Amino acid sequence: DGIPDPFAILVIWLLGGIISLCGATVYAEIATTINKSGGEYSFLSEIYHPIVGFISGWISIIVGFSAAIAALALAAGEYFVPLLGMTAEDTISGVPVVKLIGAAAIGLVVIVHVRGIKFGGSFQNYMTWLKLILIVIFLIMPFVFMSSGEGSGVSFAPDEDSWDIIFSGSFAGALVWVFFAYSGWNASTYIVGSLENPKKNLPYSLIVGTVVVTVVYMLLNFVFMYVATFDELALKPDLGYVVAKKVLGSKVGLIFSAVFSIALISGLSAMFIAGPRVVQEMGKDYSVFKSLGRQSKNGAPVLAIFTIMVLSITMVFFSSFKDIIEYVGITLSIFALLTVFGIFILRRRKIESETRVKAWGYPITPIIFIGFTLWMIFFFVSNDPTKMLYALGTMLPAIIIYYLTKNAVK
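Predicted model only: the values in this text are computed from it and were never measured. (Residues numbered from 1 in each chain as written. Predicted model: local features only at pLDDT ≥ 70, side-chain atom pairs only at ≥ 80, totals over all residues. Heavy atoms only, no water.)

**Observations regarding the overall build of the chain**
Thought 1: When helices and strands are counted, the chain shows 16 helices and 2 strands.
Thought 2: Since a compact globule built from 410 residues should have a radius of gyration of about 22 Å, the 21 Å found for the chain is in line with a globular shape.
Thought 3: Principal-axis analysis of the C-alpha atoms places the extent of the chain at approximately 65 × 50 × 40 Å.
Thought 4: Relative to its full complement of 410 residues, the chain shows a buried share of 51%.
Thought 5: Long-range pairs, those at least 24 residues apart, make up 80% of the contacts in the chain with a sequence separation of at least 6.
Thought 6: Of the roughly 18900 Å² of accessible surface on the chain, a fraction of 67% belongs to carbon and sulfur atoms.
Thought 7: For the chain, the centre of its 26 positive side-chain charges and the centre of its 24 negative side-chain charges are spaced 17 Å apart. (Helix = DSSP H or I, 4+ residues; strand = E, 2+ residues; numbered from the N terminus. Rg over C-alpha atoms; globule rule 2.2 N^0.38 Å. Buried < 20%, exposed > 50% of the residue type's maximum accessible area, 1.4 Å probe, protein only. Contact = heavy atoms within 4.5 Å. Areas by Shrake-Rupley, 256 points an atom, 1.4 Å probe, with all protein chains shown as cover. Lys, Arg positive; Asp, Glu negative; His and termini not counted. Charge placed at Lys NZ, Arg CZ, Asp CG, Glu CD.)

This is the structure we're talking about:
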């Protein structure tokens, strides 16, 4: 139903950042204690049981990367479609143009990454700098080109309804969308085994990165609501285009729309860097994944990249942006919850490691993360149990594959 209150919206983005920061400090301890790449796959295998890690690795491939790539591709399509003089509802041979553009964006990123790690890494660096420059320009733009009184006129101060909204079920539901936006906060843990001096660099990348992203998201949402009304922004994936068009006019707004579309490809590219790492780690333990993790001469895990490409393009054509976001949010939250809870188990086992960095604020930080994640999951289960069924349905094949192949463990 949305939360049409400027103060509540800023609060939810701040809260999302705080929760992610709590998760980041816990992940820093878990990752530096176990010190293996692969993210939740490695952590949950070590903390609980190999089957839990196997299911998590499966979910990372299907949901954490493939579904997330599909969502970003659809968003890129939404931004790009105005450049063609079309709308999101237009189709070609019965297929929405947005979906065709999204699939093409995935294909282009795959072409980049199959050329090798060095080429893909350079591409990612350039795209990241482009995205950062775009964000800075976008944040300054309204205050340079808009006169006083031209904005939406909304007040960011809380009113008597603001606190009711903050403690409502809709607020918990909106957290799913916010968590998806913050979903890269644990990305460094997928490559911890490859990091130089993980005791120093991993906590820095997790915690400092999360703080910076939180500030950026707060500023972006302030600019969105400062410039445009809720009616203009409602249910629009391409908020940047809406704001740029209102500030600079349709023609210049189209240029920004193109740049935003290109910037989203940075997110796609990052997913194709981290995703195959999970496959490679699973390939070390399970021969069924060995061929998927095998690298080419230029260092690219080509088969893993193509597998994620096929899964993500399938989701682009057969799912909506809203369904994918909610599916990703609820499913990944389950495994993030298990991982963060795992810190209590690791502390009880008194596992020591030379690279270990203790979680800041323990035990308050993991309790905050667990509490809010449970609140969000409870909201979705009580309002739409089918979302949990979809999540459990995705896990079922992993359980079957595990028991069919566990004797083939390397």
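**Observations regarding the nonpolar core**
Within soluble globular proteins, side chains that are nonpolar tend to cluster in buried spots.
Thought 1: Core analysis: the largest hydrophobic core is formed by 130 residues, its most contacted members being Phe138, Val243 and Phe272.
Thought 2: At 21 residues, helix 3 (residues 50-80) tops the list of elements feeding residues into this core.
Thought 3: Ignoring any residue separated from it by four or fewer positions in sequence, one finds Phe138 in contact with Leu220, Val223, Phe224, Gly240, Val243, Ala244, Phe256 and Phe260. (Core = buried A, V, L, I, M, F, W, Y, C linked by side-chain atoms within 4.5 Å.)

**Regarding unusual backbone geometry**
Thought 1: Along the chain, Tyr362 connects to Pro363 via a cis peptide bond; the corresponding omega equals 5°.
Thought 2: Along the chain, the position of Pro363 falls in the loop between helix 14 (321-349) and helix 15 (364-383).
Thought 3: With phi around 55°, Asn35 is a residue other than glycine that occupies positive phi space.
Thought 4: On the secondary structure map, Asn35 appears in the loop between helix 1 (6-34) and helix 2 (40-47).
Thought 5: Here the phi dihedral of Ser93 falls at roughly 55°; this positive angle occurs in a residue that is not glycine.
Thought 6: The topology assignment puts Ser93 in the loop between strand 1 (91-92) and strand 2 (95-96).
Thought 7: Classification of Ser93 as exposed rests on a relative accessible area of 78%.

**Focus: the environment of Leu83**
Thought 1: Here Leu83 is to be found in the loop between helix 3 and strand 1.
Thought 2: Expressed as a C-alpha distance, the spacing of Leu83 and Ala258, which sit 175 residues apart in the sequence, is 7.1 Å.
Thought 3: When sequence neighbours within four positions are dropped, the list of residues in contact with Leu83 reads Leu254 and Ala258.

**Quick word on the environment of Ser183**
Thought 1: Inspection of the secondary structure assignment puts Ser183 in the loop between helix 7 (169-181) and helix 8 (198-227).
Thought 2: Separated by 150 residues in sequence, Ser183 and Ser333 place their C-alpha atoms 9.8 Å apart.

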